[in-house]
Amino acid sequence: MVGSKNILIDNYYLISILIILVGAVIVALYYRRRIMAREIVLVTSLSALIAISRGVMAWAPEVKPVSALVITVASIFGPVPGMIIGALSAFLSNFFIGQGPWTPFQIIAWALLGFIGGFIKTDNKVIPMVLSIPMVLGIYSVIVNIASAILITGSLTLDSFVTMEISGFPLDLVHTGCTVVVIFFAWKPLRKKLMRMYTKYGILARKRMEM
C-alpha cells in the first residue's frame, strides 16, 4: 500500500489530467456529434468561474461554494457535461489552493456531484438543498476521507478510514452547510441566468431538435 501512496504522490498531476481526458471522451461519446464551440467555451468558462469562487474562499478551506455551484450549473447542462464541469472545477481551483496527490480524488468527487446534479431538473430549491446533504456527506466527504487515509497512513483500512471520517466530520458538516446555504441563495437566480444564456445561443433549441 505504501507503493500506491508513492504512485499518487509522484504522478498526481498526470493522473488528474488522465481523469479529465477520460471524462472528455465520455462526453464526446455521449453526444456523438460535433459539439458547438460556444458550448465548449461556456462549459470551460463556468468551470473557471467556479474554480475562482473557491480561490476567493481559500482562507476558509471548508467553506466551499464549489459543490453547490457544480450541482446548480449541472442541473442546466445535464449529467455528463456536469461531470466535466465538476472535474474541471476541482482541477482548476487547485491552482489556487494547491495541487497535490489529493487532486485526483477531488476531481472524482466533484465530477460525481456534477453527474448527479445533472439529473436535478427542478426550480424548487428545497429539493436540491435536501439532496445536497447526502451528496456532500456520502460522496464527496467519503472519497476525500479515503484519500486522507491513504496519504496519511500509507494504507486504506477500516480503522484508518473511520478515524478520518470521525476527525473530519466537523469540517464535513461546515462544507455541507455551506453547500445548502449557497444553493438556497443561488439555485433560482443562477439557473435563470444560465437558461437565458442557453436560449440566447440556441443550445437548448438545438438539443430539443436532436432528441
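Residues numbered from 1 in each chain as written. Predicted model: local features only at pLDDT ≥ 70, side-chain atom pairs only at ≥ 80, totals over all residues. Heavy atoms only, no water.

**Student:** Explanation requested: the environment of valine 73 in the structure shown.
**Tutor:** If you trace the backbone, valine 73 turns up in helix H3 (residues 66-77). If we skip the residues at most four places from it in the chain, valine 73 touches Leu46, Ile50, Ile85, Leu190 and Leu194. (Helix = DSSP H or I, 4+ residues; strand = E, 2+ residues; numbered from the N terminus. Contact = heavy atoms within 4.5 Å.)

**Student:** Teacher, can you tell me more about the confidence of the model for the protein chain here?
**Tutor:** Interpretation of this model should avoid reading the predicted coordinates in detail wherever pLDDT is low. Predicted confidence across the protein chain gives a mean pLDDT of 82, with 82% of residues reaching 70 or more. Note that residues 204-211 has pLDDT below 50 and, in this model, 12 contacts with residues that lie over four places away or in other chains. (pLDDT = per-residue confidence, 0-100.)

**Student:** I keep staring at the packing of helix H4 (residues 79-97) against helix H5 (residues 103-117) and nothing clicks. Help me out?
**Tutor:** For any two helices packed against each other, the geometry comes down to the angle between their axes and how far apart the axes lie. With their axes 7 Å apart at the nearest point, H4 and H5 run at an angle of 150° to one another. By the criterion of interaxial angle, the relationship of H4 to H5 is roughly antiparallel. In this structure, H4 crosses over H5, and the sense of that crossing is right-handed. For the pair formed by H4 and H5, the contact residues are Pro79, Val80, Gly82, Met83, Gly86, Ala87, Ala90, Phe91 and Asn94 on the first element and Thr103, Gln106, Ile107, Trp110, Ala111, Gly114 and Phe115 on the second. Across the contact of H4 with H5, the residue classes tally to 10 nonpolar, six polar and no charged. (Axes fitted to C-alpha atoms, helices over the stretch in contact; angles between N-to-C directions. Parallel < 35°, antiparallel > 145°, perpendicular 65-115°, else oblique. Left-handed = near helix turned anticlockwise from the far one by under 90°. Nonpolar A, V, L, I, M, F, W, Y, C, P; charged D, E, K, R; others polar.)

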